[in-house]
Amino acid sequence: MAKRLTFYILAGLVLGLVVGIAINAGIADGTPAGQARLDSIAHWFSILTTVFLHLIKMIIAPLVFATLVVGIAHMGDTSALGRVGVKSVGWFIGASLVSLTLGLILVNLLQPGVGLNLPLPAATSTAGLDKSNFDAAKIITHIFPTSIIEAMANNDILQIVVFSVFVGVAITAVGEKAKPLVSAAEGLVAVMLQITDYVMRFAPVAVFAAVAATLIEQGPGVIGRLAYFMASVYIGLALLWVVLLTVAFLIIGPRIGMLIRYVREPVLVAFSTASSEAAFPRTLEALDRFGVPPRIASFVLPLGYS
């Protein structure tokens with residue numbers, strides 16, 4: 001199923017390019033009326049992508065909660081949880097520093113914005129952003145939920161992670177009495193992954209609609225206008241992947257090829273829909289197939305995602 005789905009996603013990507021360019025070429029006439037028609041058609045295409053992303057978001061909160069609770073409960077003790085947590089955060093910070101450093105080097109070497117002749121705003125102008133939330137106290141207090149129901153309703157993943165850690169640690173402390181809760185969480189994980197399988201069957205349609213809508217609205221010229229900029233982005237991404245995969249090869253050896261095969265589908269979905277949420281459930285399944293212990297994947301992946 002995974003190989004077929006990857007093929008269908010790629011087919012949807014190519015078909016979206018063809019359909020988007022064809023519709024734009026058939027309607028675009030350089031007039032406001034023609035552009036309005038294109039915008040309207042693109043809007044209807046984008047509905048399919050929006051529905052898919054809504055379905056993915058529907059899955060995320062219960063899946064993060066259940067996987068974290070199960071992962072922590074299966075750790076057995078809080079000391080193991082602490083060791084895995086510290087190692088995970090260390091890897092996240094290390095990868096982030098590598099990514100930022102590589103980006104700084106490339107932006108100075110390639111200078112992707114030079115030559116676009118974009119007008120610069122006045123020094124006194126504002127971006128129109130609400131800066132009231134850019135406050136250290138608010139950021140820290142926002143991490144801790146006042147209501148898990150509200151956090152799940154808003155898909156506030158970091159708050160869900162905090163609550164899930166408390167639940168998982170409490171289950172470990174309670175022991176035998178909490179086994180029914182662990183079984184229920186394991187059942188919830190299985191159910192949510194099955195729902196994910198249903199939702200992912202819609203992914204090729206969502207990818208097709210996302211690509212087609214962009215090209216219908218902006219035309220094939222959008223590819224050419226930003227070609228150098230996007231080439232710079234892809235060079236940066238490729239180099240980052242080379243660095244990260246080299247480190248992975250040093251750790252797991254030749255099995256890195258198998259890992260790439262397993263994660264290519266969620267990576268492709270995330271790239272096509274511009275949504276990391278779309279990749280989370282499938283990445284969890286891919287790591288399980290690769291052989292990562294569920295207690296590790298169920299803890300590390302939601303933590304990194306948050």
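Look above for the structure.
Residues numbered from 1 in each chain as written. Predicted model: local features only at pLDDT ≥ 70, side-chain atom pairs only at ≥ 80, totals over all residues. Heavy atoms only, no water.

What is the right way to look at unusual backbone geometry in this model?
Of all residues except glycine, most have a negative phi; of all peptide bonds, most are trans. For Asn-155, which is not glycine, the phi torsion reads 55° and is therefore positive. On the secondary structure map, Asn-155 appears in the loop between α5 (148-153) and α6 (157-174). On the basis of relative accessible area, Asn-155 is assigned to the buried category, the value being 19%. (Helix = DSSP H or I, 4+ residues; strand = E, 2+ residues; numbered from the N terminus. Buried < 20%, exposed > 50% of the residue type's maximum accessible area, 1.4 Å probe, protein only.)

Please clarify how the nonpolar core should be interpreted in this entry.
Side chains that are nonpolar tend, in soluble globular proteins, to be buried together. Counting 56 residues, the largest nonpolar core has Phe-52, Val-64 and Ile-160 as the members making the most contacts within it. A total of 16 residues in this core trace back to one element, the largest contributor, which is helix α2 (residues 32-75). Ignoring anything within four residues of it in the chain, the contact list for Val-64 reads Ile-157, Ile-160, Val-161, Ser-164, Phe-280 and Pro-302. (Core = buried A, V, L, I, M, F, W, Y, C linked by side-chain atoms within 4.5 Å. Contact = heavy atoms within 4.5 Å.)

Looking at this model, I keep getting lost on the side chain of Ser-232. Mind explaining?
Here Ser-232 lies in helix α10 (residues 227-252). The contact partners of Ser-232, leaving out residues within four places of it in the chain, are Leu-110 and Pro-112.

Can you walk me through the packing of helix α7 (residues 179-200) against helix α12 (residues 280-290) in this structure?
Two quantities define a packed helix pair, namely the angle between the axes and the distance from one axis to the other. Two elements in contact, α7 and α12, have axes whose closest approach is 10 Å; the angle formed by their N-to-C orientations is 120°. Relative to α12, the element α7 is oriented oblique. At the point where α7 passes α12, the crossing takes the left-handed sense. Two secondary-structure elements touch here, α7 through Leu-193, Thr-196, Asp-197 and Met-200 and α12 through Pro-281, Arg-282, Leu-284 and Glu-285. Residues of the contact of α7 with α12, tallied by class, amount to 4 nonpolar, 1 polar and 3 charged. (Axes fitted to C-alpha atoms, helices over the stretch in contact; angles between N-to-C directions. Parallel < 35°, antiparallel > 145°, perpendicular 65-115°, else oblique. Left-handed = near helix turned anticlockwise from the far one by under 90°. Nonpolar A, V, L, I, M, F, W, Y, C, P; charged D, E, K, R; others polar.)

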